[in-house]
Amino acid sequence: MASEMALFHTIPTRGLMIACAALAIAGCSTSRFDTVDTRPAPLNPAPSGTVTSNQLPPPSPAGPTDPSAFPPAPGTSTTDPQVAAGPAVPPAAPANAPDVTKEAMVGAWKVNAGGGGCQMMLSLTKQASDFRAASLRCPGDAANVAAWNVAGKQVVLKDNTGNVVARLYSSGAEKYDGQTAGGVPISFSR
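Procedures and definitions
Per chain, residue numbering runs from 1 following the sequence as it is written. With pLDDT at 70 or above as the cut-off, local features in this predicted model cover only qualifying residues; side-chain atom pairs require 80 or more to be listed or tallied, and sums for whole chains, interfaces and linings still use all residues. Side-chain measures here rest on the full set of heavy atoms in the structure, leaving out hydrogens and waters. UniProt positions are given in the numbering used here, feature names are shortened, and annotations may be inferred rather than shown by experiment. pLDDT is defined as a per-residue confidence score from the predictor, taking values between 0 and 100. Residues count as neighbours in contact if any of their non-hydrogen atoms are within 4.5 Å of one another. Helix and strand assignments come from DSSP, with helices taken as H or I runs of at least 4 residues and strands as E runs of at least 2, each series counted from the N terminus. Exposure is judged per residue with a 1.4 Å probe applied to protein chains only, and the accessible area is read against the type maximum: over 50% gives exposed, under 20% gives buried, and values in between give partly exposed. Here, strands pair whenever DSSP counts at least two bridges between them. Only the contacting stretch of a helix is used when fitting its axis, a line to C-alpha atoms as for every element, and angles between N-to-C directions run 0 to 180 degrees. Cysteine sulfur atoms are paired as a disulfide whenever they fall within 2.5 Å. The criterion for an aromatic pair is that two Phe, Tyr or Trp rings (for Trp, the six-membered ring) have centres within 6.5 Å, with stacked assigned to planes under 30 degrees apart, edge-to-face to planes over 60 apart and tilted to the rest. A positively charged side chain is recorded as over a ring if its NZ (Lys) or CZ (Arg) lies within 6 Å of the ring centre. The angle to the ring normal must also be within 35 degrees.

- An unreviewed UniProt entry annotates the protein as Protease inhibitor Inh of Mesorhizobium australicum.
- Under the UniProt heading Subcellular location (unreviewed entry), the note attached to the protein is "Cell outer membrane".
- What the UniProt record of the protein gives under Sequence similarities (unreviewed entry) is the line "Belongs to the rhizobiaceae omp19 lipoprotein family."

This is how it looks when you write it as structure tokens:
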């Protein structure tokens with residue numbers, strides 16, 4: 001009887017193994033594993049033309065005196081007052097603008113700089129002779145603001161090296177307008 005039981009258990013196991021082997025072999029014969037040519041079609045050759053050559057003009061004798069210095073930008077000269085003066089400084093506040101206090105500036109501000117909006121946080125944490133500022137997704141020069149201070153009727157925004165980035169003045173309740181060093185309008189509001 002034990003031998004009959006052993007035979008009874010081995011028959012279904014053998015049958016199952018044969019069925020699995022048949023399925024595996026049948027799966028290998030499908031066309032879904034065929035290779036597909038994914039190479040792009042060849043391009044048409046570029047038209048050929050004639051090549052001309054000319055001599056380059058001689059170098060300008062009015063180059064910089066320091067060989068490691070960059071030459072002036074095209075369309076400018078060393079006598080150009082904007083180039084000679086360095087970066088532009090934003091204009092001063094109008095004479096009728098109210099005085100600004102540090103305490104009034106502390107906190108979060110919505111900033112519009114050159115048509116792009118962002119946020120800026122001004123704190124009273126000291127950073128050298130100024131106070132710490134942080135910008136969030138600001139465009140252009142406003143992205144470089146790392147410090148701020150108040151100078152009379154103006155809020156002066158600076159980068160991490162102390163260069164003036166922008167100057168703003170009070171233009172209403174919780175509203176400040178001004179200009180970046182690059183001449184782009186900038187405004188703060190709450």
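More follows now that the structure is in view.
### Things to note about the confidence of the model for the protein
Link 1 in the chain: Per-residue pLDDT for the protein has a mean of 76; in total, 68% of the residues score no lower than 70.
Link 2 in the chain: In this model, residues 77–87 is a region of pLDDT below 50 whose contacts with residues beyond four sequence positions or in other chains number 5 contacts.

### Focus on the environment of G140
Link 1 in the chain: Among the secondary structure elements, G140 is positioned in the loop between β3 (130–136) and β4 (147–151).
Link 2 in the chain: Take G140: its relative accessible area is 58%, and that puts it in the exposed class.
Link 3 in the chain: Linking G140 and A113, residues 27 residues apart in sequence, is a C-alpha distance of 7.7 Å.

### Concerning the sheet that holds strand β8 (residues 185–189)
Link 1 in the chain: Judged by pairing direction, the barrel is antiparallel, and its 8 strands sit side by side in the order β1-β2-β3-β4-β5-β6-β7-β8 before closing back on the first. For this sheet, the mean angle separating the axes of adjacent strands, direction not counted, is 30°.

### Concerning the state of the cysteines
Link 1 in the chain: Enumeration over the complete set of coordinates arrives at 1 disulfide.
Link 2 in the chain: Across the disulfide from C118 sits C138; the S-S distance is 2.0 Å. With the S-S bond torsion at 85°, the cross-link from C118 to C138 turns out right-handed. A residue pair is termed long-range when its members are at least 10 positions apart, and C118 in strand β2 (residues 116–127) and C138 in the loop between β3 and β4 qualify at 20 residues.

### A closer look at the pairing of strand β7 (residues 175–180)
Link 1 in the chain: Two strands pair when backbone bridges link them, and strand β6 (residues 164–172) and β7 are joined in this way by 6 bridges, in the antiparallel orientation. Among the inter-strand pairings, A166 is bridged to a residue of β7, identified as T180.
Link 2 in the chain: Looking at chain direction, β7 and β8 are connected through 5 bridges and run antiparallel. Counted as the bridge partner of Y176 is F188 from β8.

### Quick notes on the packing of aromatic side chains
Link 1 in the chain: This structure, assessed with the given rule, holds 3 aromatic pairs.
Link 2 in the chain: A centroid spacing of 5.4 Å and a plane angle of 85° characterise the contact between W109 and Y176, whose relative ring orientation is edge-to-face. Of this pair, W109 sits in strand β1 (residues 107–113) while Y176 is found in strand β7, placing the two residues 67 residues apart along the sequence. Each of the two residues, W109 as well as Y176, counts as buried.
Link 3 in the chain: Ring centres of W109 and F188 lie 5.7 Å apart, and the angle between their planes is 40°; on these two criteria the pair is classed as tilted. Here W109 is found in strand β1, whereas its partner F188 is found in strand β8, with 79 residues between them in sequence.
Link 4 in the chain: On the accessibility criterion, F188 (0% relative accessible area) is buried.
Link 5 in the chain: Grouped by ring-pair contacts, the aromatic residues W109, Y176 and F188 constitute a single cluster.
Link 6 in the chain: A cation over a ring is seen here: K126 above F131, with NZ or CZ 4.9 Å from the ring centre.
Link 7 in the chain: When the ring centre of W109 is taken as reference, the NZ or CZ atom of R190 above it lies at 3.8 Å.

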